[in-house]
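The residues making up each chain are set out below.
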Amino acid sequence: MHLDHPETFPHRHTWSSAAPTLPDGTRRALRIGLGGPVGSGKTATVAALCRALRDRLSIAVVTNDIYTREDADFLLRNAVLPPERIAAVETGACPHTAIRDDISANLEAVEELEERTGPLDLVLVESGGDNLTATFSTGLVDAQVFVIDVAAGDDIPRKGGPGVTTADLLVVNKTDLAPYVGSDLDGMARDAKAQRGDLPVAFTSLRGEDGVRPVADWVLERLAAWTAGRPVRAAAV
Amino acid sequence: MSTRRTALLLLADGRFPAGAHAHSGGAEAAVRAGRIDGPATLAAFCRGRLHTTGLVAAALAAAACAGCDPYALDAAADARTPTPALRDTARKLGRQLLRAARATWPAPELHAVAATRPRGLHQPVVLGLTARAAGLTPHDVAQAAAYDTVSSPATAAVRLLSLDPFDATAVLAGLADAMDAVAAQATAAAEAVLATGSTDHLPAASAPLLDITAQQHAAWPVRLFAS
Amino acid sequence: MTGVTAHARVTAAPDGSLPLLRGDGPFALRRTRAAGPWSQVTVVGAMSAPLGGDRLRLTAEALPGAALRVTSAAATIALPGRDGDGATYDTALTVGADASLWWLPEPVVSAARSDLRMTTRVDVADTARLVYREEQILGRAGEEPGRLVARLVLRIGGVVALDQELAYGPGVPGYDGGAVLGGHRAVGQLLVADPAFADKPPEAALLGGTAVVTPLAASAALVTAVAADGLALRRLLTAGAEHLGVVA
């Protein structure tokens, strides 16, 4: 008898997110990536999204920390989801590699969550805090959110970079701090429009009541499209 | 031949998307313990790993590539891996490699493994099956496995110690003869397994510190690498 | 080729008797006092061995239902031979159904310039219990180690549960680096096979910085340790045995 893994798991067919159905023919969960620089509020956004949506949807979260488990532990401490719905992926000091160049560990984590707790409606994949160039592979997620904040400088939208320019939703977080750090929100909106064209931008302050609402609404629209079999990515809508 | 060479380059490339980048091959624990602190100790670490774990991995891969029963090889790998943290890592990397392999070189044999063993086989066994699907020889994949066992710790040491990457690469180049020797030894062992049908001919070289520190590392609350 | 060829054998029966107790060459076997149903045998060195060129064999069997404990009176010191040949030391242990074998010899010391290949094969029935300890010391005080290659194969119910080969000494690449022994001068393992582990595998445990208790994929567990010297090694292995519920 083999004592390491007596449990049995169903057979996995897929090797990337390209396939929209699970082996049993049901539609798999929508996968949304959240990336952005260190300290911009990715984990806080994930936590707020879980609180806003967990009563309506079956949700799970994968975190990609630079150091193992810090973000996963934050989510656990704040009890936004039961522990079995949170998985941490170790990234060997390179979170951008784990979400873009070699997504195999993240795909493992997503599929294990679906097997363990499924069926799920939504899987949020959070990147470790990285730089402005880190984006998710389309083999891992169906759509991605890039989170920046006003305190890191109001010139970030103007500087652009793949995250700011191509993310399906750009979130400008911590708007409540704008007066204190001298950030120009109108200017940020103009710069974002110039970089992103028609792609949406959401300004959030998670300290306020229901502050994550614009992001939650956007996620629900994506989920409605996914469930109806329509294209999910904002650019394709 | 040129197709084969390209397949070998793909498979041995550290950027092949099979999850290796998040693993240090024991280097993170060795750095913490002060056993790797520069190019000389990195070289000694890699040499020891190559002739123990590396030899076993290379022989398992070569045997799987040669057509030996992958499930018997997986059981032999279990018997040669007393540390549960390393068995878990080997299977996890095996699953990730299988995913990449099925997309890169689709083959019924690979799909069958995924169907019958959803928890995965040890990574070297999957590496051997992948090489088989890609048209490589047992000796080819033994070479790739040997290289993999030293390139992981060398790459990790660069990130962990901010080691000069030129020094780390020179360490790998300095091990070229040793890698060739291990690949040849592993290939011979695989031929013996194929000829006799017995996995007892596989090498069983063990590395006590790798076994001990892998279990410790798995219990660290904060770490950069998955193993 | 010079050297001694010897084969010593012991068989224990469930009634506590030893139907076979045959020393040979450097092995003198003594029945020693033991408590309860146990038979106890102590291996006493009758001459200096193994020397280079020696071919030594030791076979022990606990018949179904028997309980045998084997110890040794002193460390085994591997020494170089006159002709530079290596020595071999093969141990075969068989533990029958519902039998117990405790194999607890003193360490093997690899003296400078020695060259020894040890092979230990342990065959344990599904319902048998085993406690097996091996310790290796790299050289006598203040000397360079000799060469040792030691393979240990455990089969439970005919299926290989553990296969490990430790090699160190001159000509063994990388053994002293941070992956293998890292400068430690003592290395050992303690292996426990117990049918009860099939239902309840022991937890892995860390014993300080240089030892670990790990459940195998089969119904057995292994304590792996390295240490500065034999005394420190013994303490680690004993702590590991206690973690596994074995008081040696």
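Okay, so let's go over this structure. None of the values given here were measured: they were computed from a predicted structure. All residue numbers refer to positions counted from 1 along the written sequence of the respective chain. Working convention: letters from A go to chains and numbers from 1 go to ligands, in the order in which they are written. Given that the model is predicted, a residue must reach a pLDDT of at least 70 before its local features are reported, and side-chain atom pairs must reach 80 or more before they are shown or counted; all residues, however, enter totals for whole chains, interfaces and linings. Side-chain metrics rest on all non-hydrogen atoms present in the structure, leaving aside hydrogens and water.

With respect to the pattern of salt bridges
Basically, it comes down to this: Throughout this description, the term salt bridge denotes a Lys or Arg side-chain nitrogen within 4 Å of a carboxyl oxygen of Asp or Glu. Per the convention used, a helix needs a DSSP run of H or I reaching at least four residues, while a strand needs a run of E reaching at least two, with both numbered from the N terminus. Relative accessibility decides the category of a residue: with a 1.4 Å probe and only protein chains considered, values under 20% of the type maximum give buried, values over 50% give exposed, and everything between is partly exposed.
Summed over all chains, the structure comprises 33 salt bridges over all chains. Where Asp 217 of chain A meets Arg 213 of chain A, a salt bridge forms, and the shortest distance between an N and an O atom there is 3.2 Å. Placement of both Asp 217 of chain A and Arg 213 of chain A in helix α9 (residues 213-227) is noted, with a separation of four residues, approximately one turn of the helix. Residue Arg 213 of chain A is classed as partly exposed on the basis of its relative accessible area, which comes to 27%. The salt bridge involving Glu 135 of chain C is made with Arg 133 of chain C; its shortest N-O contact spans 3.8 Å. A network of salt bridges, in which partner residues are shared, links Glu 108, Glu 111 and Glu 112 of chain A together with Arg 95, Arg 99 and Arg 119 of chain B.

Re the side chain of Ser 72 of chain C
Residue and element names in this part refer to chain C. Selection rule: Pairs of N or O atoms are called polar contacts if they sit within 3.5 Å, as long as, within protein, a hydrogen donor faces a hydrogen acceptor (for residues adjacent in sequence, only side-chain-to-side-chain pairs). The contact criterion used throughout is that any non-hydrogen atoms of two residues lie within 4.5 Å.
The residue Ser 72 is located in strand β6 (residues 67-72) in this model. Taking the relative accessible area as the measure of exposure, Ser 72 reaches 12% and is therefore buried. Here the side chain of Ser 72 touches Ala 74 through a polar contact of 3.3 Å, landing on its backbone oxygen. One polar contact links the side chain of Ser 72 to the main-chain amide nitrogen of Glu 106, over a distance of 2.8 Å. Apart from the residues within four sequence positions on either side, Ser 72 is in contact with Thr 42, Val 43, Leu 104, Pro 105 and Glu 106.

Examining the packing of aromatic side chains
This is how the line gets drawn: When two rings of Phe, Tyr or Trp (its six-membered ring) have centres within 6.5 Å they constitute a pair, described as stacked for plane angles under 30 degrees, edge-to-face for angles over 60, and tilted for the intermediate range. Criterion for a charge above a ring: Lys NZ or Arg CZ within 6 Å of the ring centre, and within 35 degrees of the ring normal.
Scanning all chains against the criterion turns up four aromatic pairs over all chains. Between Phe 16 of chain B and Trp 105 of chain B, the aromatic rings sit 5.8 Å apart at their centres with planes inclined by 20°, giving stacked as the arrangement. Separated by 89 residues along the polypeptide, Phe 16 of chain B in the loop between α1 (2-12) and α2 (27-32) and Trp 105 of chain B in the loop between α5 (84-104) and α6 (108-116) bring together distant segments of the chain. Both rings, one in Phe 27 of chain C and one in Tyr 89 of chain C, keep their centres 5.7 Å apart while their planes meet at 65°; by these two values the pair is edge-to-face. Here the residue Phe 27 of chain C occupies a position in strand β3 (residues 27-32), and Tyr 89 of chain C occupies one in strand β8 (residues 87-95), the gap between them amounting to 62 residues. Exposure remark for Tyr 89 of chain C: the relative accessible area of 8% places this residue in the buried category. Across the ring face of Trp 226 of chain A, the terminal group of Arg 27 of chain A is positioned such that the distance to the ring centre comes to 4.1 Å. Here Arg 32 of chain B stacks its cationic end above the ring of Trp 220 of chain B, 3.6 Å away from the centre of that ring.

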